[in-house]
Amino acid sequence: MMHPKSEPDPLFITEIDEAPTIPWMGQDEIDIILSYLKPTMTMLELGSGGSTLFFSKYVNEYHSVETEKAWYDLIKKHTKPANADSNITYHYKQRGKELESFPATLGRQYDAILVDTLTARYKLLKNLEKCVNQWTVIFLHDFFNKNYGPLQKEAKKYYKIIDWSIHGQSLAVCKRK
C-alpha cells in the first residue's frame with residue numbers, strides 16, 4: 001500500500017521500538033540549529049522525534065507538539081512526567097485546526113522554534129506570531145523542498161531568512177521582519 005509523502009507510514013512507526021536519539025536531518029542542518037541554541041533558551045518544536053531528544057539537551061526548557069499518536073507514545077516516555085529529569089514538556093494534538101491554533105494558546109514567547117511537522121506547515125506560521133518576538137529564531141525544516149511552495153510563500157510574509165542549508169532535507173533559519 002502506497003502512502004502519500006505527506007502521510008506517515010503507520011507500519012514504519014510501529015516497527016520502531018526505541019525513540020531515535022538524533023534528528024532525522026543532515027549534519028549541516030543539525031550544526032546550523034546548534035549554532036543558534038543557548039543553554040538559557042526556551043524552545044518550541046512542532047513535530048517531534050530524535051530532534052526532541054537531541055536539541056532539548058542544548059536549551060533550558062523544551063516544548064514539543066506531536067500529531068501522530070504512535071510517534072507521540074514512543075517519545076513521551078522520555079519527557080515529563082514519565083522522566084522527572086527531563087526539560088521537555090510534550091503535547092499531543094490532532095492535525096488540522098487543533099494543531100494550527102495550538103501555538104496561539106500557549107501564552108508565551110519562545111527564543112527558538114523548530115517547525116518540522118507533517119501537517120500543513122504554512123498554516124502554522126501565522127499562528128506562531130504570538131510566540132515570536134524580535135529575537136526569536138525560527139527553524140523551518142524541509143524549507144526548500146519543491147513540495148513546500150506554500151510554506152515558502154507564507155514564510156516570506158512574516159519572516160526574513162537569515163541562514164539556510166540546502167544539504168540534507170534543507171533548512172531555513174528565520175526571524176521576524
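Residues numbered from 1 in each chain as written. Predicted model: local features only at pLDDT ≥ 70, side-chain atom pairs only at ≥ 80, totals over all residues. Heavy atoms only, no water.

### Some thoughts on the pairing of strand β4 (residues 112–115)
Working step 1: Across the two faces of β4 the burial is the same, with Ala-112 and Leu-114 and Ile-113 and Val-115 all buried.
Working step 2: As paired strands, strand β1 (residues 42–46) and β4 are joined by four bridges and run parallel to one another. Paired with Met-43 across the strands is Ala-112, a residue of β4.
Working step 3: As judged from the four bridges shared by β4 and strand β5 (residues 137–141), these two strands associate in the parallel manner. Bridging from a neighbouring strand, Val-115 pairs with Leu-140 of β5. (Buried < 20%, exposed > 50% of the residue type's maximum accessible area, 1.4 Å probe, protein only. Helix = DSSP H or I, 4+ residues; strand = E, 2+ residues; numbered from the N terminus. Pairing = 2+ DSSP bridges.)

### Section: the nonpolar core
Working step 1: Counting 26 residues, the largest nonpolar core has Ile-33, Leu-37, Met-43, Phe-55, Leu-114 and Phe-139 as the members making the most contacts within it.
Working step 2: The set of elements that each furnish at least two residues to this core consists of α2 (27–36), α3 (50–55), α4 (69–76), β3 (88–92), β4, β5 and β7 (171–176).
Working step 3: If near-sequence neighbours (up to four positions away) are discounted, Leu-114 is found in contact with Met-25, Ile-33, Met-43, Leu-44, Glu-45, Leu-46, Ser-51, Phe-55, Tyr-62, Phe-139 and His-141.
Working step 4: One finds Leu-44, Tyr-110, Leu-151 and Ala-155 within the second-largest nonpolar core, a separate group that totals 22 residues. (Core = buried A, V, L, I, M, F, W, Y, C linked by side-chain atoms within 4.5 Å. Contact = heavy atoms within 4.5 Å.)

### Remarks on helix α7 (residues 149–158)
Working step 1: Within α7 the residues assigned to the buried category are Leu-151, Glu-154, Ala-155 and Tyr-158. For α7, the angular spread of the buried residues around the axis is 105°, confining them to a single face. Away from its buried face, by an angle of more than 90 degrees, α7 presents the exposed residues Lys-153 and Lys-157.
Working step 2: Next to the buried residues of α7 lie α6 (121–127), β5, β6 (159–165) and β7. (Arc of directions from axis to C-beta.)

### Observations regarding the side chain of Ser-51
Working step 1: For Ser-51, the location among the structural elements is in helix α3.
Working step 2: The contacts of Ser-51, once residues within four sequence positions are left out, are Ile-22, Pro-23, Glu-45, Ser-56, Tyr-62 and Leu-114.

### Focus on the confidence of the model for the protein chain
Working step 1: Residues at a pLDDT of 70 or more form 90% of the protein chain, whose mean pLDDT is 86.
Working step 2: The spread of mean pLDDT over the elements of the protein chain runs between helix α1 (residues 10–15), the lowest at 47, and α2, the highest at 97.
Working step 3: Note on residues 1–14: pLDDT under 50 across the span, and 14 contacts to partners over four residues away in sequence or across chains. (pLDDT = per-residue confidence, 0-100.)

### A closer look at the pattern of salt bridges
Side-chain pairs of opposite charge can arise where the charged atoms are in close proximity.
Working step 1: Scanning the model with the defined rule gives eight salt bridges in all.
Working step 2: Arg-108 is the partner of Glu-61 in a salt bridge, and the nearest nitrogen-oxygen pair spans 3.0 Å. Linking Glu-61 in strand β2 (residues 61–66) with Arg-108 in the loop between α5 (97–105) and β4, this pair joins segments that are 47 residues apart in sequence.
Working step 3: On the basis of relative accessible area, Glu-61 is assigned to the partly exposed category, the value being 24%.
Working step 4: Note that Arg-121 and Asp-116 form a salt bridge whose closest N and O atoms lie 3.1 Å from each other.
Working step 5: According to the relative accessible area criterion, Arg-121 is buried, its value standing at 4%.
Working step 6: Each of Lys-69, Asp-73 and Lys-76 takes part in one network of salt bridges that share partners. (Salt bridge = Lys/Arg side-chain N within 4 Å of Asp/Glu carboxyl O.)

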